[in-house]
Amino acid sequence: PNFTFATNVAASFDITAARTTIANCNFINAIDAQTAMMNVSAADVIIEDCEFHLGTLSTPQTLLGILGTAAADRLMVRRNYMHGCITAGNVAAIRVVGSDFTVIEDNVIVGEFALTGCISNTGTAATMLIIRRNNLLNRAATADNKVIVADAGTTGLIVHNTFGIIDTACPVPVTAAAMHVGANW
């Protein structure tokens, strides 16, 4: 099924019940400055095999594709295709705020995300955030781009991802002070 966001920037697909699985859905953003296409505020949620249209060539653009709150413990986001704009506007495809034991794996994420990265964890540290086997491309051409940004207190693993950034300054593509980062290309 298709879910299109076209009339209200605050509208979202909210998951508030624990142990929910969302699979094989198509989420389409059709309004500029959509705050978050999907909000997850329950534990043990799985989002898999979906497509997220984060924006078109320039507008409309969503700020966040998936937002996991502190209540989204053991959130699993896997095998999704998330594609955004070719101009700045997307903040992050996936943002996790303080949840524990979240796994983000086997996704393809492409768009212009600038300093916040394709995947971000800001504001509240997460415990054992695992980001593995994703293909990530941040197409923003501004200084100091990132593909993954984690809160300084976030623990976990960032492993076996492939990623790219377009930036003349050649910055480090991952900011994750307390996470184990390795075997990425």
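Residues numbered from 1 in each chain as written. Predicted model: local features only at pLDDT ≥ 70, side-chain atom pairs only at ≥ 80, totals over all residues. Heavy atoms only, no water.

### What to know about the overall build of the protein
Worth spelling out the cut-off: Only DSSP runs of H or I with at least four residues qualify as helices, and only runs of E with at least two residues qualify as strands; both kinds are numbered from the N terminus onward. Radius of gyration: over C-alpha atoms. The globule rule applied is 2.2 Å multiplied by the number of residues raised to the 0.38 power. A simple rule labels every residue: compare its accessible area, found with a 1.4 Å probe on the protein chains alone, to the largest value its type can have, and call it buried under 20%, exposed over 50%, or partly exposed in between. By the convention used here, residues are in contact when the closest approach between their heavy atoms is within 4.5 Å. Areas reported here follow the Shrake-Rupley algorithm with a probe of radius 1.4 Å; residue values treat only the protein chains shown as occluding. Charge counting follows a simple rule: Lys and Arg are positive, Asp and Glu are negative, and His as well as the terminal groups are ignored. Every charge is mapped to an atom, namely NZ of Lys, CZ of Arg, CG of Asp or CD of Glu.
In terms of regular secondary structure, the protein is built from zero helices and 21 strands. For a compact globule of 185 residues, the expected C-alpha radius of gyration is about 16 Å, and the protein comes in at 15 Å, within 12% of that figure. With the C-alpha coordinates of the protein rotated into their principal frame, the extents come out at 40 × 35 × 25 Å. When the 185 residues of the protein are sorted by exposure, 48% land in the buried category. Residue pairs in contact within the protein that sit at least 24 positions apart in sequence constitute 78% of those at least 6 positions apart. Looking at the protein as shown, the accessible area adds up to about 7700 Å², and 60% of this sits on carbon and sulfur atoms. For the protein, the separation between the mean place of its 9 positive charges and that of its 14 negative charges on side chains is 6 Å.

### Some thoughts on the side chain of Ser-120
Put simply, the rule is: Polar contacts, as used here, are pairs of N or O atoms within 3.5 Å; protein pairs need one atom able to donate a hydrogen and one able to accept it. Residues neighboring in sequence count only if both atoms are side-chain atoms.
Within the secondary structure layout, Ser-120 lies in strand E14 (residues 119–121). By relative accessible area, which is 1% here, Ser-120 ends up buried. One polar contact links Ser-120 to Arg-95, side chain to side chain, over a distance of 2.8 Å. Aside from chain neighbours lying at most four places away, what touches Ser-120 is Ala-92, Ile-94, Arg-95, Val-96 and Val-149.

### Quick notes on the pattern of salt bridges
Test applied: In the sections that follow, a salt bridge refers to a side-chain nitrogen of Lys or Arg positioned within 4 Å of a carboxyl oxygen of Asp or Glu.
Evaluated as defined, the whole model comprises seven salt bridges. For Asp-49, the salt bridge is made with Arg-79, and the minimal N-O distance between the two is 2.8 Å. Of this pair, Asp-49 sits in the loop between strand E6 (46–48) and strand E7 (51–53) while Arg-79 is found in the loop between strand E9 (76–78) and strand E10 (81–83), placing the two residues 30 residues apart along the sequence. According to the relative accessible area criterion, Asp-49 is partly exposed, its value standing at 29%. Note that Glu-105 and Arg-133 form a salt bridge whose closest N and O atoms lie 3.3 Å from each other. Pair noted here: Glu-105 is in strand E12 (residues 103–105) and Arg-133 is in the loop between strand E15 (129–132) and strand E16 (135–138), with a separation of 28 residues, a long-range link. With relative accessibility at 40%, the residue Arg-133 sits in the partly exposed group. One network of salt bridges, with partners in common, ties together Glu-48, Asp-49, Arg-78 and Arg-79.

### Some remarks on the sheet that holds strand E21 (residues 180–182)
This is how the line gets drawn: Each pair of strands is called paired provided DSSP finds at least two bridges between the two strands. Comment: axis = line fitted to C-alpha atoms, over the contacting stretch for helices; angle = value between 0 and 180 degrees taken between N-to-C directions.
If you walk across this open sheet you meet the seven strands as E3-E6-E9-E12-E15-E18-E21, and the pairing is parallel. Only two strands of the sheet have a single partner each, and these edge strands are strand E3 (21–23) and E21. On average, each strand axis in the sheet is tilted by 5° relative to the strand beside it, whichever way the strands run. One ladder, built from three bridges, connects E6 with E9; its direction is parallel. Its bridge partner being in E9, Glu-48 is matched across the sheet by Arg-78.

### Some remarks on a nonpolar patch on the surface
To be explicit about the condition: For patches, a residue must show more than 30% relative accessible area and have no salt bridge; joins then use 9 Å for like charges and 5 Å for nonpolar side chains, namely Val, Leu, Ile, Met, Phe, Trp and Tyr.
Taken together, the side chains of Phe-101, Met-128 and Leu-157 make up a nonpolar region of the molecular surface, amounting to roughly 240 Å² of accessible area. With respect to the element layout, Phe-101 can be found in the loop between strand E11 (92–96) and E12.

Worth remembering: the numbers are spatial, not functional.
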